[in-house]
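Read off the chains here:
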Amino acid sequence: MGKSRKAKSQKGKKARREGGRVCSSRSPVEATLSHIVQANPPKFLYSNAEILKRRDAVGINDIRDLVLHLVADAPPPSWIRVQNPQSIQKVVVLLVPGLTHTVLSLPPLPTSATENPNIPISIPLPVECPSTPATLPDSVDPRSEEAAAEYGGVPFVSRTFSHACPTRAPGDSTRMHSVLNTFFQTPVSGEEKKRRIQERVAAERVANKDPAQYVLTLEQMVDNDYPVPSYLADVFEKPKGWVETPQATPDSEPGEQAIYAVDCEMCLTEDGKALARVCVIEYATDKVVYDQLVKPPSPITDYLTQFSGITAEALEGVTTTLADVQARLQQLLTSHTILLGHSLESDLRALRLSHPRAIDTALLYHHPRGRPLKPGLAWLTRKWLGRTIQARGPGGHDPEEDARACADLLRAKIKHGPGYGEFKTDYEPTLARIARAPRAPRAAVVDHGNPAAWHGAGGATAISCLNDAEVLSGVLDTLPTHSLVFARFTELADALGWITPKVNDDGDGDASTSAAATGQKEADGEGGPVRGALTALDARLAELHAALPPRAALLVFSGHSDPRAMSALASRRAETQSGNGGLGAGWTTVDERALEEAVVRARRGLLFVGVKT
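Residues numbered from 1 in each chain as written. Predicted model: local features only at pLDDT ≥ 70, side-chain atom pairs only at ≥ 80, totals over all residues. Heavy atoms only, no water.

1. Topic: the overall build of the chain
Stated formally: Per the convention used, a helix needs a DSSP run of H or I reaching at least four residues, while a strand needs a run of E reaching at least two, with both numbered from the N terminus. Three exposure classes are used, based on accessible area relative to the maximum for each residue type with a 1.4 Å probe and protein chains only: buried under 20%, partly exposed in between, and exposed over 50%. Between two residues, a contact is recorded if the distance between any of their heavy atoms is within 4.5 Å.
Along the backbone of the chain there are 21 helices and 23 strands. For the chain, with 613 residues in total, the buried portion stands at 48%. In the chain, the proportion of contacts linking residues at least 24 apart, taken out of those at least 6 apart, comes to 72%.

What follows is the structure, given as structure tokens:
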């Protein structure tokens, strides 16, 4: 997979030149090991016989497990054989949506019933002097996969890899689930599961009924972007207009430990989102102690009624300001008071309030697909309390209803014990599993958005990027000091128009983050955004590959195909659903079949694996 750099002679070691190669003096054991590695270099070999036994193509979970085998303590996978895996020095994993059969001009998947579409495809050798058209035929959309193929695709792929392995994104017949979440969540090992069960049994045996056991730690508050009071940690600088609950003095009496459930609603103003209503319920009595509409400081541009329930009529004549609300809350709160809410950091930011003690139902209960995803309040209430909230349709949410749901969820947790609201199939972050491996390998995640708060949590390093150029820079910076580097390049998918808000009903799922959504603007180059994206991606992959040390494994996968048809049909299907979850007259069996076929196409992806020699 390319040429290795010349080794630099090290101080204190003699070096001699043999056959034009610089070799440092080594011990007999080192020399023997080096000879073994050279005679038996690491290599990936697909096992077609095992792939033929599978009902589906290689999944994202299979790619994850391959990575765990290379850098941690996971067993070897059956669908691919890794020759001499212990000699692999580093592993770089790249998620590059947009690499499709069409873009890369690969042979189409077989459609015959006698051929298996899951077998790895041989990649044609690259053309020596490829010619690309100055202009596209009139019949070709300039932002299509066909246009990308006309422009020559991504030559790096055919220069570097011999095969493309078909993959299948997670999901079901009508939905595609998150590729990132599947890769960064893994079932716990048998040993870890046993340890967790013992912890859970011990905790339930104690039968602690004190709600304070669920108060967030300082680390949890920081990890979840809470506005932490200055006297707890110097991690949040209060902007103008913020207040914080005063710190208790050493000689002050703790007093009664009150708990208040809080929920806020917002509207959109000329200066951004602003508080429009706050509701506070006392946990002990279940009584509303404060419910107030609030006049935003700037002109309102959107009442967000479908979410907030706020209307122009409701706010007519309201004079209460945010400062008034803050003053009233400071009369209620002490540093010993516990505030309770769902993703409470958002409510505190709406109130512009820093408070030291919080219980968050989005962390108290688990998402069905595991951390770091957070479950939605409506889903939690339906699942664990057996009732429906937020069902007012266009009328929006009721903050009193939401605050009561949070209070009831805490009561249920206390009644049934710490294991309530967790799922029997235990998952853990993939990076946590890697960090627990015998060699304690260091892992880095370089991605758009804020990976430290999501899939990068648990790794040694997480780098937030605004564009693919920053992603490449982050990979090159972390490569020398990390055993595993994961990165995502999104410019090609954005150039193709793949911007896909995700539709699901199992919690607050993650919208697919695109570079366009984070403000990326790369030079389009001649031929429009697709041609510019192809050129930039090919150059970045080549530069990254050149920086890899010998015996570094490179895994590139696309995750999925064009999701737009699936997303459009899924959105229309959601619009026709009635309040009880059934489908309305606007959705037919023909539509359902079209959605299922679109999901099958969208879930197709490709994987490329190799080792730099």
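Here the narrative resumes.
2. With respect to helix α20 (residues 564–576)
Short version of the rule: A helix is expected to span 1.5 Å for every residue after the first.
Compared with an ideal rise of 1.5 Å per residue, which puts 13 residues at 18 Å, α20 spans 19 Å between its outermost C-alpha atoms and is within 8% of the ideal. Of all the positions in α20, only Met566, Ser567, Leu569, Ala570, Arg573 and Thr576 are classed as buried. Here the buried face of α20 lies against α21 (589–602).

3. Focus: the pairing of strand β21 (residues 484–488)
For a regular strand, the rule is simple: side chains alternate between the two faces of the sheet. Let me state the cut-off plainly: Should DSSP find at least two bridges between two strands, the strands are taken to pair.
Counted residue by residue, β21 has 5 buried out of 5 residues, so it is predominantly covered. Burial along β21 is two-sided: Leu484, Phe486 and Arg488 and Val485 and Ala487, pointing in opposite directions, are all buried. Where strand β6 (residues 90–95) meets β21, 5 bridges bridge the pair, whose relative direction is parallel. Following the sheet pairing, Leu95 is matched in β21 by Arg488. Both strand β19 (residues 443–448) and β21 contribute to a ladder of 4 bridges, which runs parallel. What sits directly across from Ala444, in β21, is Val485.

4. Remarks on the packing of helix α17 (residues 468–478) against helix α19 (residues 529–547)
Which entries qualify depends on this criterion: Fitted lines through C-alpha atoms serve as axes, helices being fitted only where they are in contact, and the angles separating the N-to-C directions of these axes extend from 0 to 180 degrees. Convention used here: angles under 35 degrees read as roughly parallel, angles over 145 as roughly antiparallel, angles from 65 to 115 as roughly perpendicular, and any remaining angle as oblique. All amino acids are sorted into three groups, where Ala, Val, Leu, Ile, Met, Phe, Trp, Tyr, Cys and Pro are nonpolar, Asp, Glu, Lys and Arg are charged, and the leftover types, Gly among them, are polar.
For the pair α17 and α19, the least separation of the axes is 10 Å and the interaxial angle reads 5°. With respect to each other, α17 and α19 are oriented roughly parallel. Listed contacts from α19 to Asp468, Ala469, Leu472, Val475 and Leu476 of α17 are Arg540, Glu543, Leu544 and Ala547. Here the contact of α17 with α19 is composed, by residue class, of 6 nonpolar, no polar and 3 charged.

5. Brief notes about the confidence of the model for the chain
When pLDDT is low, close inspection of the predicted coordinates is not appropriate. Worth spelling out the cut-off: One confidence number per residue, pLDDT, is output by the predictor and ranges from 0 to 100.
Summary statistics for the chain give a mean pLDDT of 84 and a share of 81% for residues scoring 70 or more. Averaged over each element, pLDDT in the chain is lowest for strand β1 (residues 15–18) (30) and highest for strand β22 (residues 552–557) (98). Note that residues 2–26 has pLDDT below 50 and, in this model, 25 contacts with residues that lie over four places away or in other chains.

6. Things to note about the pattern of salt bridges
Our working rule: Note on definitions: salt bridges are taken to be side-chain nitrogens of Lys or Arg within 4 Å of carboxyl oxygens of Asp or Glu.
This model, assessed by the stated rule, comprises 26 salt bridges. Of the charged contacts, one joins Asp62 and Arg54 as a salt bridge, the two residues approaching to 2.5 Å between their closest N and O atoms. A relative accessible area of 25% places Arg54 in the partly exposed class. Linking Asp398 and Arg277 is a salt bridge whose minimum nitrogen-to-oxygen distance equals 3.9 Å. Within this pair, whereas Asp398 is found in the loop between α14 (377–385) and α15 (399–416), its partner Arg277 is found in strand β12 (residues 272–282), the two being separated by 121 residues in sequence. Given a relative accessible area of 22%, Asp398 falls into the partly exposed group. A network of salt bridges, in which partner residues are shared, links Asp286, Arg387, Glu400, Arg404, Asp408 and Arg411.

7. A closer look at a nonpolar patch on the surface
Put simply, the test is: Patches here: salt-bridge-free residues with over 30% relative accessible area, like charges joined within 9 Å, nonpolar side chains (Val, Leu, Ile, Met, Phe, Trp, Tyr) joined within 5 Å. Where accessible areas are quoted, they stem from the Shrake-Rupley method and a 1.4 Å probe; at the residue level, only the protein chains shown are allowed to cover.
A cluster of nonpolar side chains, namely Leu218, Val222, Leu232 and Val235, defines an oily patch on the protein surface of about 300 Å² accessible area. Its location among the elements puts Val222 in helix α8 (residues 218–223).

8. What about empty space enclosed by the protein?
We count it as follows: In the cavity and pocket records, a cavity denotes points on a 1 Å grid over the protein atoms alone where a 1.4 Å probe fits but cannot get out, a pocket denotes an open set with protein on both sides within 12 Å along at least 5 of 7 lines, and lining residues are residues with an atom within 4 Å of a point. Grid points are joined across faces, edges and corners, and a volume is the space filled by probe spheres set on the points.
Under the definition given, this model contains 2 cavities of 30 Å³ or more. Estimated volume of the second largest cavity: approximately 30 Å³. Every residue lining the second largest cavity is listed: Val67, Phe183, Phe184, Thr430, Leu431, Ile434, Leu484 and Phe486. Listed by contribution, the elements that provide at least two residues to the lining of the second largest cavity are α6 (179–184), α16 (430–435) and β21. In terms of residue count, the dominant contributor to the lining of the second largest cavity is α16 (3 residues). Residue composition of the lining of the second largest cavity, grouped by class: 7 nonpolar, 1 polar and no charged.

9. A short note on the side chain of Ser354
With respect to the helices and strands, Ser354 occurs in strand β16 (residues 353–354). On the basis of relative accessible area, Ser354 is assigned to the buried category, the value being 0%. Beyond its immediate chain neighbours, meaning those up to four positions away, Ser354 contacts Pro227, Val228, Pro229, Phe236, Lys238, Trp242, Val243, Glu244 and Thr245.

10. Examining the packing of aromatic side chains
Note the cut-off: Stacked, edge-to-face and tilted labels apply to pairs of Phe, Tyr and Trp rings (six-membered ring for Trp) whose centres lie within 6.5 Å, assigned for plane angles under 30 degrees, over 60, and everything in between, in that order. Distance and angle both matter: a charge sits over a ring if NZ of Lys or CZ of Arg is within 6 Å of the ring centre and within 35 degrees of the ring normal.
Under the definition given, this model contains 11 aromatic pairs. For the pair Phe183 and Phe557, a centre-to-centre distance of 5.9 Å together with 25° between the ring planes defines the contact as stacked. Placement of Phe183 in helix α6 and of Phe557 in strand β22 is noted, with a sequence separation of 374 residues between them. The class for Phe557 is buried, based on a relative accessible area of 0%. The structure contains a cluster of three or more aromatic residues connected by ring pairs, namely Phe183, Phe184, Phe486 and Phe557. Lying across the ring of Trp384, Lys383 places its NZ or CZ 5.4 Å from the centre. In this arrangement the basic side chain of Arg411 is found over the ring face of Tyr283, its NZ or CZ atom lying 4.6 Å from the centre.

11. Some thoughts on the side chain of Arg64
Relative to the elements of secondary structure, Arg64 occurs in helix α3 (residues 60–71). On the basis of relative accessibility, which here comes to 5%, the residue Arg64 falls in the buried class. Beyond its immediate chain neighbours, meaning those up to four positions away, Arg64 contacts Thr182, Phe183, Gln185, Thr186, Pro187 and Thr430.

12. Describing the nonpolar core
Our working rule: Residues grouped as a nonpolar core are buried Ala, Val, Leu, Ile, Met, Phe, Trp, Tyr and Cys residues, joined through side-chain atoms within 4.5 Å.
Within the largest apolar cluster, 50 residues are counted, with the highest numbers of intra-cluster contacts made by Phe44, Leu555 and Phe557. No other element matches the 7 residues that α3 contributes to this core. Contact partners of Phe557, with chain neighbours within four places excluded, come to Ile60, Ile63, Val93, Leu94, Leu95, Val96, Val179, Phe183, Phe486, Leu606 and Leu607.

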